[in-house]
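Descriptive analysis of the structure
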Amino acid sequence: MRECVSLNLLVLDEEWRPLHRLRADQDWHCTVGALMRWESHWLAIEQQRPGSPLPRWADIRLTRTLSKRLRPIEIALADHVIHTGKGRFSFRQAGLL
C-alpha cells in the first residue's frame, strides 16, 4: 500500500476559502503562478493517507520547510491538514503553525 494517497496545495483567499487546488508534485512555477493569478497570500497543505492522522516527522519537516520558504515571497502557510479514514489532524488547531 502506498504511504501517501494524495498531497495537494490549496491556494486560499483572504478568508482561507479554497480558490484552486494543485497537486504537490507539480512544478513549483505552477504553484507560484497560481498564487499570482489568484492574487493570494495564503497556501494550505491537504494530505490524505491511510492510518493514523497524527503527523509523522516527514509531515512536520514538510510544513516547516514550506512555511520558511514561502516567507520571502510574502506567502503564508495557513494550515497543513491530514485526512485519514480515522479522522483528521490540523497543524493550525494543534498550535503548530
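Up top you'll find the structure we're talking about.
Presented here is a report on the structure given in the accompanying data block. (Residues numbered from 1 in each chain as written. Predicted model: local features only at pLDDT ≥ 70, side-chain atom pairs only at ≥ 80, totals over all residues. Heavy atoms only, no water.)

1. Digging into the pairing of strand β5 (residues 87-90)
- Examined bridge by bridge, strand β4 (residues 76-84) and β5 share 4 bridges and lie antiparallel to one another. Counterpart to Val81 in the pairing with β5 is Ser90.
- Connecting the antiparallel pair β4 and β5 is a turn made up of 2 residues. (Pairing = 2+ DSSP bridges. Helix = DSSP H or I, 4+ residues; strand = E, 2+ residues; numbered from the N terminus.)

2. Quick look at the sheet that holds strand β2 (residues 18-23)
- Spatial ordering of the open sheet is given by β2-β1-β3-β4-β5, a layout of 5 strands whose pairing is mixed. With partners counted over all chains shown, the strands left at the sheet margins are β2 and β5, one partner each. In this sheet, neighbouring strand axes are inclined to one another by 20 degrees on average, regardless of whether the strands run parallel or antiparallel.
- Each of β1 (6-12), β3 (42-48) and β4 touches helix α2 (residues 57-70); the most contacted strand, β4, lies at about 160 degrees to it. (Axes fitted to C-alpha atoms, helices over the stretch in contact; angles between N-to-C directions. Contact = heavy atoms within 4.5 Å.)

3. Some words on the pattern of salt bridges
- The full count for this structure, using the stated rule, is 5 salt bridges.
- For the salt bridge of Arg17 with Asp13, the shortest nitrogen-to-oxygen distance reads 2.7 Å.
- In this structure Asp13 comes out as buried when scored by relative accessible area, which is 14%.
- Residues Arg49 and Asp59 are paired through a salt bridge, measuring 2.7 Å at the closest nitrogen-oxygen approach. (Salt bridge = Lys/Arg side-chain N within 4 Å of Asp/Glu carboxyl O. Buried < 20%, exposed > 50% of the residue type's maximum accessible area, 1.4 Å probe, protein only.)

4. Considerations on the pairing of β3
- The buried count for β3 comes to 5 of 7 residues, which makes it a mostly enclosed element.
- Inspection of the sheet shows β1 paired to β3 by 7 bridges, in the antiparallel sense. Pairing of Ser6 across the sheet is with Gln48, part of β3.
- Of the strand pairs in this sheet, β3 and β4 are connected by 7 bridges, and their pairing is parallel. Within the sheet, the bridge partner assigned to Gln48 lies in β4 and is His83.

5. Some words on the layout of surface pockets
- Computed from the structure, the largest pocket encloses a volume of approximately 210 Å³.
- If you go around the largest pocket, the residues you meet are Leu7, Leu9, Arg23, Ala24, Gln26, Trp28, Thr31, Ile45, Leu62, Thr65, Leu66 and Arg69.
- With 4 residues, the single largest contributor to the lining of the largest pocket is α2.
- Of the residues assigned to the lining of the largest pocket, the class counts are 7 nonpolar, 3 polar and 2 charged. (1 Å grid on protein atoms, 1.4 Å probe; cavity = no way out; pocket = protein on both sides within 12 Å on 5 of 7 lines; lining within 4 Å. Points joined across faces, edges and corners; volume = space filled by probe spheres on them. Nonpolar A, V, L, I, M, F, W, Y, C, P; charged D, E, K, R; others polar.)

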